Amino acid sequence: MRTQIVAGNWKMNCNLDESLHLLNALKLKDFSKADVEVVIAPPFTNLYPIHQNLNDSSIKISAQNINENEEGAYTGEISPDMLKSVGVEYVIIGHSERRAIYNESDELLAKKVTAALKHDFKIMFCIGEMLDQRKADKHFDVVKEQLEKGLFHLSASEMKQVVIAYEPVWAIGTGETASPEQAQDIHQYIRQVLAEQYNQDVADQTSILYGGSVKPNNAREIFAKKDVDGGLIGGASLDADSFAEIVMSF
Ligand code: 13P
């Protein structure tokens, strides 16, 4: 059985006080009834204090980005070892905002994937088409190319560390979600591509999350689809009640 995951990507929100407040509210929720791994991705500055305040909570911590180099003259960047040293378990790589706003190319993302694996992180690798690509019926080709260029240098055993997050760019922060059927269609396709590149075992074991305007009122329907193994949640993860409701939608 694949791991079901609900991850909150806090993006560039929450200063230290706000982060700890949100964490404390999440710690009061009883996630044990849902068979789901709960992950939060606060901004870099709050990773360590969050880790220190987790106590016996089962919530896992993710970074939102990682640098592909080990160390050195890369002003403003954060290395894999730095993230490891503050208790980070997951890293998000290839978020569409990193691709679009910070021009992160497929080639760079492939290097980040390699660096993250070298340091034993679990990876949430984001893929997804833009609106014009969806309208032109290119979404299957787009995600296939993103997988090939970003991930397919990995071996089958390395792929076991990777979770895929399908986030159609037109659904991120827009209030517009892919329909459960649209999500299922592309998740099934992603699994088929994994089976072709690797084998059925890798395809069956890889968790594929959906992201893009997931809210408490649509999560249940989306998560009910057979190839949707959870969600990567933006806006709704900043509110403990909404995020908990989404987690409990399983
Ligand atoms: P929203 O849930 O705010 O649409 O963001 C999705 C996302 O980008 C998660 O990484």
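Just so it is clear, the model here is predicted, and its values are computed rather than measured.

Asks: Talk me through the site of the ligand; I want residue IDs and the actual numbers.
Replies: As a matter of local geometry, the ligand sits amid Asn-9, Lys-11, His-95, Glu-167, Ala-171, Ile-172, Gly-173, Gly-212, Ser-213, Leu-232, Gly-234 and Gly-235. Ser-213 is positioned with one of its backbone polar atoms (N or O) 2.7 Å from an oxygen atom of the ligand. Backbone polar atom of Gly-235 to an oxygen atom of the ligand: 2.8 Å apart, as the coordinates give it. If the ligand stood free it would expose 310 Å²; the protein chains cover 96% of that surface. Looking at the shell around the ligand residue by residue, the classes come out as 3 nonpolar, 7 polar and 2 charged.

Asks: Hey, could you go over the pairing of strand β8 (residues 230-233) for me, with residue numbers and the actual values?
Replies: Residues in a regular strand point their side chains to alternate faces of the sheet. Covered by surrounding structure in β8 are Gly-230 and Leu-232 together with Gly-231 and Ile-233, the residues of both alternating faces. Alignment of strand β1 (residues 5-9) against β8, held across 4 bridges, turns out to be parallel. Bridge assignment links Ala-7 to a residue of β8, and that residue is Leu-232. Alignment of strand β7 (residues 208-211) against β8, held across 2 bridges, turns out to be parallel. In the strand pairing of β8, Tyr-210 is matched with Gly-231.

Asks: I'd like to hear about the nonpolar core, residue by residue, with values.
Replies: Taken as a class, soluble globular proteins show a tendency for nonpolar side chains to be buried jointly. Val-91, Leu-151 and Ile-190 are the most contacted members of the largest nonpolar core, which totals 65 residues. At 6 residues, helix α9 (residues 180-197) tops the list of elements feeding residues into this core. Not counting the four nearest positions on each side in its chain, Ile-190 is found in contact with Ile-127, Val-143, Leu-147, Ile-164, Tyr-166 and Ile-208.

Asks: I'd love a proper account of unusual backbone geometry, names of residues and values included.
Replies: Located in the positive-phi region is Asp-120, a residue other than glycine, with phi close to 65°. In this structure, Ser-213 takes a positive phi of about 55° despite not being glycine. For Ser-213, the location among the structural elements is in the loop between β7 and α11 (219-223). Take Ser-213: its relative accessible area is 10%, and that puts it in the buried class.

Conventions and cut-offs
- Residues numbered from 1 in each chain as written.
- Predicted model: local features only at pLDDT ≥ 70, side-chain atom pairs only at ≥ 80, totals over all residues.
- Heavy atoms only, no water.
- Near = heavy atom within 4 Å.
- Polar contact = N/O pair within 3.5 Å; in protein donor to acceptor, adjacent residues only side chain to side chain.
- Areas by Shrake-Rupley, 256 points an atom, 1.4 Å probe, with all protein chains shown as cover.
- Nonpolar A, V, L, I, M, F, W, Y, C, P; charged D, E, K, R; others polar.
- Buried < 20%, exposed > 50% of the residue type's maximum accessible area, 1.4 Å probe, protein only.
- Helix = DSSP H or I, 4+ residues; strand = E, 2+ residues; numbered from the N terminus.
- Pairing = 2+ DSSP bridges.
- Core = buried A, V, L, I, M, F, W, Y, C linked by side-chain atoms within 4.5 Å.
- Contact = heavy atoms within 4.5 Å.

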